[in-house]
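Take a look at the letters that make up each chain.
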Amino acid sequence: MSLAVDAVVHLRLAGGYQQSAPSGIGAGNLFRIEAGVALVVAAWVLWRGSRSALLAAFAVGFSAAVAVVLYRYVNVPALGPLPAMYEPVWFFEKALSAVFEGVAAAAALTAVALIPRQRGSHVPTGDAPAAN
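Here is what the cut-offs are and how they apply
Residues numbered from 1 in each chain as written. Predicted model: local features only at pLDDT ≥ 70, side-chain atom pairs only at ≥ 80, totals over all residues. Heavy atoms only, no water. Helix = DSSP H or I, 4+ residues; strand = E, 2+ residues; numbered from the N terminus. Buried < 20%, exposed > 50% of the residue type's maximum accessible area, 1.4 Å probe, protein only. Lys, Arg positive; Asp, Glu negative; His and termini not counted. Salt bridge = Lys/Arg side-chain N within 4 Å of Asp/Glu carboxyl O. Polar contact = N/O pair within 3.5 Å; in protein donor to acceptor, adjacent residues only side chain to side chain. Contact = heavy atoms within 4.5 Å. Patch = residues over 30% accessible without salt bridge, like charges linked within 9 Å, V, L, I, M, F, W, Y side chains within 5 Å. Areas by Shrake-Rupley, 256 points an atom, 1.4 Å probe, with all protein chains shown as cover. Expected span 1.5 Å × (residues − 1). Bend = angle between axes of the 7 residues up to and from the residue. 1 Å grid on protein atoms, 1.4 Å probe; cavity = no way out; pocket = protein on both sides within 12 Å on 5 of 7 lines; lining within 4 Å. Points joined across faces, edges and corners; volume = space filled by probe spheres on them. Nonpolar A, V, L, I, M, F, W, Y, C, P; charged D, E, K, R; others polar. Phe/Tyr/Trp six-rings, centres within 6.5 Å; stacked < 30°, edge-to-face > 60°. Lys NZ or Arg CZ within 6 Å of the ring centre and 35° of its normal.

Draft legend 1. Focus on the side chain of Asp-6. Among the structural elements, Asp-6 can be located in helix α1 (residues 2-18). Among buried charged residues, Asp-6 stands out as having no salt bridge; its nearest opposite-charge side chain is Arg-12, 12 Å away. In terms of polar contacts, Asp-6 uses its side chain to reach the side chain of His-10, at 2.9 Å. In this view, Asp-6 contacts Glu-34, Ala-38, Ser-97 and Glu-101; residues no more than four positions away in its chain are not counted.

This is how it looks when you write it as structure tokens:
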């Protein structure tokens, strides 16, 4: 759910952020890419709920949360095709996405910690003879 909220916010904001670089990659296109990845990973978590899906959810949530906080407080210059996205303000949608990105990362990491690791492909069936 958290990644879906993050995706909706990014999709809603993308058009306005693309205006800063209408012919380049632009922040708007990066927002659209992030939203697409978040939706795909959210669907993967719902479909499989596997460790790898949860680790992907952590990666998406954590990286997006780090990016929004970084670009809020640090004036990072353009890096190759990536535009400078410094924006030294908080507003409702930005804060909302940051909170849900953090929740997605924390929830995914918690879920990974709670899923027992399976060692090998042998799964006990209970039909094994008792040891003396």
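Draft legend 2. Layout of a nonpolar patch on the surface. A cluster of nonpolar side chains, namely Phe-62, Val-66, Val-69, Leu-70, Tyr-73, Val-74 and Trp-90, defines an oily patch on the protein surface of about 620 Å² accessible area. Checked against the element boundaries, Val-74 lands in the loop between α3 (51-73) and α4 (92-114).

Draft legend 3. Inspection of α1 at higher detail. Look at α1: 24 Å from first C-alpha to last across 17 residues, which is about the 24 Å you get at 1.5 Å a residue. Arg-12 marks where α1 bends most, by close to 35 degrees. All of the buried residues along α1 are Ser-2, Leu-3, Val-5, Asp-6, Ala-7, Val-9, His-10, Leu-13, Ala-14 and Gln-18.

Draft legend 4. Focus on the layout of surface pockets. If you add up the space inside the largest pocket, you get close to 610 Å³. If you go around the largest pocket, you meet 27 residues; those closest to its centre are His-10, Phe-31, Ala-67, Tyr-71 and Met-85. The set of elements that each furnish at least two residues to the lining of the largest pocket consists of α1, α2 (26-47), α3 and α4. Class assignment of the residues belonging to the lining of the largest pocket gives a composition of 18 nonpolar, 4 polar and 5 charged. Secondary structure elements with two or more residues in the lining of the second largest pocket: α1, α2, α3 and α4. Of all the elements, α4 adds the most residues to the lining of the second largest pocket, at 5 residues. Split into classes, the residues belonging to the lining of the second largest pocket amount to 13 nonpolar, 1 polar and no charged.

Draft legend 5. Broad picture of the environment of Ala-105. Topologically, Ala-105 is positioned in helix α4. Distance in space between the C-alpha atoms of Ala-105 and Gly-61 is 4.6 Å, their sequence separation being 44 residues. Apart from the residues within four sequence positions on either side, Ala-105 is in contact with Phe-58, Gly-61 and Phe-62.

Draft legend 6. Representation of the packing of aromatic side chains in the model. As enumerated under the stated definition, the model contains 3 aromatic pairs in all. Pairing Tyr-17 with Phe-31 gives two aromatic rings, centres 4.7 Å apart and planes at 35 degrees, and the pair type is tilted. With Tyr-17 in helix α1 and Phe-31 in helix α2, this pair connects stretches of sequence that are 14 residues apart. Here Phe-31 falls in the buried class, since its relative accessible area comes to 16%. When the ring centre of Trp-47 is taken as origin, the NZ or CZ atom of Arg-48, which lies over that ring, is 5.6 Å away. Across the ring face of Trp-90, the terminal group of Lys-94 is positioned such that the distance to the ring centre comes to 5.5 Å.

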